[in-house]
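The residues making up each chain are set out below.
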Amino acid sequence: MRCLKSLKNILSYLVDKSQIPSKDGDEILLQFKEFLDKVVKCSFSDFKTLDHKEQRLDTFLYQYFFVDKEKYRKLWDIVKMILILSHGQATVERGFSLNKALEVENLKENSYIAQRMIIEAIKEAGDVLDVPITKEMRISVQCAQQQYLDYLECQKREKMEEQSNNKRKLLVEEIDFLQAKRKCLEEDKKNTHQSSDALADEGEKKKDISLFFSNQMP
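Predicted model, so just to flag it, every value in this text is computed and none were measured.

**Student:** Even after reading the chapter, I still don't get the overall build of the protein chain, so can you show me in this structure?
**Tutor:** For the protein chain, the count of helices and strands is 9 helices and 0 strands. When burial is assessed residue by residue, the protein chain has 20% of its 218 residues classed as buried. Within the protein chain, residue pairs in contact and separated by at least 24 positions form 48% of the contacts whose partners lie at least 6 positions apart. Carbon and sulfur atoms provide 55% of the accessible area of the protein chain, an area that totals close to 17200 Å².

Put into structure tokens, the structure is as follows:
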């Protein structure tokens, strides 16, 4: 894959220049492979149809990295470095600074993206007072409360479903454990009977009943 080969070359260069530790290179490659497989592949049409004239590349990528930013943190650091080198520092870094300014503890992903979209729309209009108030915007505002209530209800259902699934999972695990324990006890019982029968047969042949009783003693 060409992009993977390009990233390897970039990481090799950064390691040679002591910009990143050599151990980070392998980890970043693994993060990149996972990002391609779990993120890009699932949203391939969005990546394929990205119009650089309509949307900033750093803004586009950030919404995907933000989904699990800790998981891809080192990869995102490299991406930022590449974007700054490729597109000029000032414009891209302003975007990163804006993202940092928006960061609030416990801020949900959807809220984060929505705030960024609002700021981009204001910047495109020139000023907050220049943003056109369209019919669609008015309808959206009127429906905002109901949409929020629907969202909360959906979150509540998902949480209840998750709890139910967890309980079901614990129950299944407990049943599996008890079945395994029962199987072990049955095996022990079977082995004990076989041993007792063997000793009984041997004692009967030798006319020595003590062999049988010796197996019964703890």
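**Student:** I keep staring at the nonpolar core and nothing clicks. Help me out?
**Tutor:** Within soluble globular proteins, side chains that are nonpolar generally end up buried alongside one another. Membership of the largest hydrophobic core comes to 25 residues, with the highest contact counts inside it found for Phe 35, Phe 65 and Leu 75. If you list the elements that add at least two residues to this core, you get helix H1 (2-16), helix H2 (22-40), helix H4 (57-65) and helix H5 (73-87). With sequence-adjacent residues up to four places away left out, Leu 75 is seen in contact with Leu 7, Ile 28, Gln 31, Phe 32, Phe 35 and Phe 65.

**Student:** What am I meant to see in the side chain of Gln 31 here?
**Tutor:** By the secondary structure assignment, Gln 31 is in helix H2. Among the residues examined, Gln 31 registers a relative accessible area of 9% and is labelled buried. Here Gln 31 is in contact with Lys 71, Tyr 72, Arg 73, Lys 74 and Leu 75, once residues within four sequence places are set aside.

**Student:** Looking at this model, I keep getting lost on the UniProt feature "coiled-coil region" (unreviewed entry) in the protein chain. Mind explaining?
**Tutor:** In the numbering used here, UniProt assigns the "coiled-coil region" (unreviewed entry) feature to residues 161-195. Taken as a whole, residues 161-195 contains 100% helix and 0% strand, while its terminal C-alpha atoms sit 51 Å from one another.

**Student:** Which parts of the structure should I look at to understand the pattern of salt bridges?
**Tutor:** Pairs can form between side chains of opposite charge once their charged atoms are near each other. Under the defined criterion, the tally for this structure stands at 7 salt bridges. Here Glu 34 makes a salt bridge to Lys 38, at a shortest N to O gap of 3.4 Å. Pair noted here: Glu 34 and Lys 38 are both in helix H2, with a separation of 4 residues, about one helical turn. Take Glu 34: its relative accessible area is 25%, and that puts it in the partly exposed class. Residues Glu 34 and Lys 71 are paired through a salt bridge, measuring 2.4 Å at the closest nitrogen-oxygen approach. Remark: Lys 71 occurs in the loop between H4 and H5 and Glu 34 occurs in helix H2; sequence separation between them is 37 residues. Through salt bridges that share partners, Asp 24, Glu 27 and Lys 74 make up one connected network.

**Student:** Quick question: what am I supposed to make of a nonpolar patch on the surface here?
**Tutor:** A grouping of Tyr 148, Leu 149, Tyr 151 and Leu 152 is seen on the molecular surface, where their side chains present a nonpolar patch of about 370 Å² in accessible area. As for its placement among the helices and strands, Tyr 151 is situated in helix H8 (residues 135-206).

**Student:** Whenever I open this one, the confidence of the model for the protein chain confuses me. Can you help?
**Tutor:** For the protein chain, mean pLDDT is 76; residues scoring 70 or higher make up 75% of the total. Ranking the elements of the protein chain by mean pLDDT puts helix H9 (residues 210-216) last with 49 and H2 first with 87.

Calculation criteria
Residues numbered from 1 in each chain as written. Predicted model: local features only at pLDDT ≥ 70, side-chain atom pairs only at ≥ 80, totals over all residues. Heavy atoms only, no water. Helix = DSSP H or I, 4+ residues; strand = E, 2+ residues; numbered from the N terminus. Buried < 20%, exposed > 50% of the residue type's maximum accessible area, 1.4 Å probe, protein only. Contact = heavy atoms within 4.5 Å. Areas by Shrake-Rupley, 256 points an atom, 1.4 Å probe, with all protein chains shown as cover. Core = buried A, V, L, I, M, F, W, Y, C linked by side-chain atoms within 4.5 Å. UniProt positions renumbered as here; feature names shortened; annotations may be inferred. Salt bridge = Lys/Arg side-chain N within 4 Å of Asp/Glu carboxyl O. Patch = residues over 30% accessible without salt bridge, like charges linked within 9 Å, V, L, I, M, F, W, Y side chains within 5 Å. pLDDT = per-residue confidence, 0-100.

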